[in-house]
Amino acid sequence: MSPAMPPVPHKDDLDSTWTFLEAGIESVMLNLDAGIDMKTYMALYTAVHNFCTSQKAVASGQGLQGSRGAHLLGEELYKLLGEYLSSHLNKVYKQSQSHTEEGLLGFYIREWYRYTTAAKYVNHIFRYLNRHWVKREIDEGKKNVYDVYTLHLVKWKTEFFEKVHEKVMDAVLNLIEKQRNGETIEQSQIKAIVDSFVSLGLDENDSSKSTLDVYRQYFQQPFIRATRTYYENESRQFVAENSVVEYMKKAEARLEEEKLRVGLYLHPDVTKSLTDTCLSVLVTAHSTLLRDEFQVLLDNERQDDLARMYRLLSRIKEGLDPLRATFENHVRRAGLAAVEKVASEGETLEPKLYVDALLQVHTRYQNLVDEAFNGEAEFVRSLDNACREFVNRNRVCKTSSSKSPELLAKYTDSLLKKGSKSAEESELEEMLVQIMTVFKYIEDKDVFQKFYSKNLAKRLVHVSSVSDDAETSMISKLKEACGFEYTNKLQRMFQDMQISKDLNNNYKVWQDKVLEDEDRKKMSDAHFQILGTGFWPLNAPTTPFLAPPEIVKTAERFQTFYFDKHNGRKLTWLWQLCKGEIKANYIKNAKVPYTFQVSTYQMGILLLFNETDTLSYGEIEKATTLATEILDPNLSILLKAKVLIASPDGAKPEPSTSFTLNYNFKSKKVKVNLNIQIKSEAKVEADDTHKTIEEDRKLLLQSAIVRIMKSRKKMKHVQLVQEVIQQVKSRFPPKIPDIKKNIEALMEKDYIERMDGDEISYIA
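Small disclaimer: the values here were computed from a predicted structure and weren't measured.

Undergrad: It is not clear to me how the overall build of the protein should be interpreted in this structure. Could you clarify?
TA: Within the protein, the secondary structure is distributed over 28 helices and nine strands. Its C-alpha atoms give the protein a radius of gyration of 48 Å, more than 25% over the compact-globule value 27 Å for 764 residues. C-alpha atoms of the protein, sized along the principal axes, occupy 150 × 65 × 65 Å. Looking at the protein as a whole, 44% of its 764 residues are labelled buried. In the protein, of all internal contacts separated by at least 6 residues, the share reaching a separation of at least 24 is 71%. Of the roughly 40,700 Å² that the protein leaves accessible, carbon and sulfur atoms contribute 50%. Looking at charge distribution, the protein has the averaged site of its 107 positive side-chain charges lying 3 Å from that of its 110 negative ones.

Undergrad: Whenever I open this one, the sheet that holds strand E2 (residues 594-599) confuses me. Can you help?
TA: In a beta sheet, neighbouring strands are held together by backbone hydrogen bonds and run either parallel or antiparallel to one another. Strands sit in the order E1-E2-E6 across an open sheet of three strands; the sheet is mixed. Each edge of the sheet is formed by a strand with only one pairing partner; in this case those strands are strand E1 (579-584) and strand E6 (671-673). Neighbour-to-neighbour, the strand axes of the sheet open up by a mean angle of 25°, direction not taken into account. Note that E2 and E6 share three bridges and pair parallel. Within the sheet, the bridge partner assigned to Gln597 lies in E6 and is Asn673.

Undergrad: Please explain the nonpolar core as it appears in this structure.
TA: If you look at soluble globular proteins, the nonpolar side chains tend to sit buried side by side. Grouped together as the largest cluster of nonpolar side chains are 161 residues, with contacts concentrated most on Tyr108, Phe126, Phe197, Phe219, Phe327 and Phe373. Apart from the residues lying within four places of it in its own chain, the contact partners of Phe327 are Phe294, Leu298, Tyr365, Leu368, Val369, Phe373, Phe379, Ser382 and Leu383. Ranked by size, the runner-up nonpolar core spans 35 residues in total, among them Ile587, Leu626, Phe659 and Val672.

Undergrad: Got a minute to help me understand the sheet that holds strand E8 (residues 752-754) in this structure?
TA: Spatial ordering of the open sheet is given by E7-E9-E8, a layout of three strands whose pairing is antiparallel. Among the strands making up the open sheet, the edge pair consists of strand E7 (714-716) and E8. Direction aside, the axes of adjacent strands within the sheet are offset by 25° on average. Seen against the sheet, helix H27 (residues 717-728) touches E7, E8 and strand E9 (759-762) and runs at an angle of roughly 95° to E7. Contacting E8 and E9, helix H28 (residues 736-748) runs over the sheet at an angle of about 105° to E8.

Undergrad: Whenever I open this one, the pairing of E9 confuses me. Can you help?
TA: On a regular strand, one side chain projects to one face of the sheet and the next to the other, so that they alternate. Pairing of E7 with E9, which is carried by three bridges, proceeds in the antiparallel orientation. The residue bridging Lys716 from the neighbouring strand is Glu759, located in E9. Here E8 pairs with E9 via three bridges, running antiparallel. Its bridge partner lying in E9, Arg754 is registered against Ile760.

Undergrad: I'm lost on the pattern of salt bridges in this one. Help?
TA: If charged atoms from side chains of opposite charge come close, those side chains can pair. What the rule picks out here adds up to 39 salt bridges. A salt bridge links Glu252 to Arg311; the shortest N-O distance between them is 2.5 Å. Note that Glu252 is positioned in helix H9 (residues 244-265) and Arg311 in helix H12 (residues 303-313), a separation of 59 residues in sequence. Among the salt bridges present, the one from Glu257 reaches Arg254, with a minimum N-O distance of 2.7 Å. Highlighted residues: Glu257 and Arg254, both in helix H9, separated by three residues, approximately one helical turn.

Cut-off values and rules
Residues numbered from 1 in each chain as written. Predicted model: local features only at pLDDT ≥ 70, side-chain atom pairs only at ≥ 80, totals over all residues. Heavy atoms only, no water. Helix = DSSP H or I, 4+ residues; strand = E, 2+ residues; numbered from the N terminus. Rg over C-alpha atoms; globule rule 2.2 N^0.38 Å. Buried < 20%, exposed > 50% of the residue type's maximum accessible area, 1.4 Å probe, protein only. Contact = heavy atoms within 4.5 Å. Areas by Shrake-Rupley, 256 points an atom, 1.4 Å probe, with all protein chains shown as cover. Lys, Arg positive; Asp, Glu negative; His and termini not counted. Charge placed at Lys NZ, Arg CZ, Asp CG, Glu CD. Pairing = 2+ DSSP bridges. Axes fitted to C-alpha atoms, helices over the stretch in contact; angles between N-to-C directions. Core = buried A, V, L, I, M, F, W, Y, C linked by side-chain atoms within 4.5 Å. Salt bridge = Lys/Arg side-chain N within 4 Å of Asp/Glu carboxyl O.

As structure tokens, this is what we get:
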């Protein structure tokens, strides 16, 4: 503290008190760096205290008049301090006029720091005034009265800030532009200016609270205006001179820079308006240009650039909507083109080839959605829409809309059936997951179910499943996708197989009890499967068949056992599904007898040759009673394998042909499989399956109509049709004429009736 302090004033003397205080405040304002000794500091505090209390002491003896006087004298001290601050800041303003740009910023910051630090000390010196006179004035609702520290800020704002803020902001904006242009700047200067502007935001109604009004008006608004202008100019020029991809990189870098700028020296309050401004100028203004490039990037599979475009456009309102439609069309075209490539094989189209083509397209674009579009729900929806289109409506489906589910079911069968190319367990599970991916898009899910259950039945009957685990895994996936009803019969088929296993064990025990050793030797070694009619998609044989005596005896013996256990049941022998093995003991020069794996029909034909070497077509036909459409292809297989020789040489199976056992039969394998499915049989089977699908659909539609009408009693025709579509679309997409046809059919059966005004009523 300067030694030239005035003498300590008398407590009642305003002039000498202020002279003493002014010298102390001036010293704090200008020479705080030199320090202030505690004795002087306390003398200043005491001078304020003594002056105020002295007036109160006088006032207590003078009644109300004196009280008001004390009030006025307190106000004089406050007023004199305000005048001092105005004078001080006027000098500061004059000094500032010799500074510009960064020099001005340096000056402003130094003065601000010195002034606000001094304000804290002065506020403490006048603490008694704050506590009593200021508090009372504020409590009485007086405007423009503040605590001493706040008075300093108010004065700074009116006497200095409002005269220099434009020049200060110009300097700040020039600095920020330099930084945007790549120059290094003194960031701490801007941070200090921001803090100063924020500190000046005082709540007019409550000086103890602060607002961001000053910062927003004097800093944020000009900053945002400058930002908009800068990026409008830069982006316009950059777009004119560079590719769209380069522009996206630039825009992304600029957005990131501005985000970092907030953390470096701006106030967080600016974040939204800064981001909105940058997005508006850098993205929205150029969104048409970006979207026009989207198809080019898709065509060239530029994943990184697509991701960049997604990131930019996802940040503006409705920025991605046009892209989704473009993406959906692109995926649909890619799917149709992939199918077109494999569809040239026509009827002989390999199911694996077809499903792989669908999956490759889906996998490619699923990865793109995940990686480039962040797995965003609306892009997933576009992908799903596109896949649904090309899976259900493509060149292969032109002949039949149910071709996709049929081929998918056949491919599933090839995976789940034992074969030379069986996949590893982990690979198989992955393939089943992929099948479910395609299945999700299949509209005719009932068609898949029919073909799948037919193929499952064969795998179970022929014990040709690659593994029970794989079968149950697939069924649980279908159950998860379509519910219990969809897989109920499939699970019952598995149960029947387990029951049959137990039944065969019991049958062996029974045989051991009732058969003599000699009789047991004569019996064929057989395994029986009892399949419940309501659950298995199997039909009775389409041809009569006189089974060979060896088979008949075995079958009758089992029937005796079975009917003993289950009274009143009927057994239908499904000869077309039965198979067995027979040993060829007649072949010359065979080191080990060949074993023929045959269908029961083939077994019936071959066992006839135990009695003779040559048989005519008519004799075989009469002995087996097989229909020609079954007999001829089976004889053809035996001729092709050279088990039988035709006469005349090379003749086809027909009434004039005779057949001789080939004693010189040769094969590389000891076990020879002759049980090969005939193509015509497969075609008939597929056609039959489609017929049952149509029947099932009719029943499903009718039961849905009755169910709806029973609960609603009366309904408009259009509403009923819509409700039926909703109920059955998870199984297949119904055609409106089919629904109408079934409504008519139910009217004829008196389930429902037509009322006036296109209304339909349920007949209870």
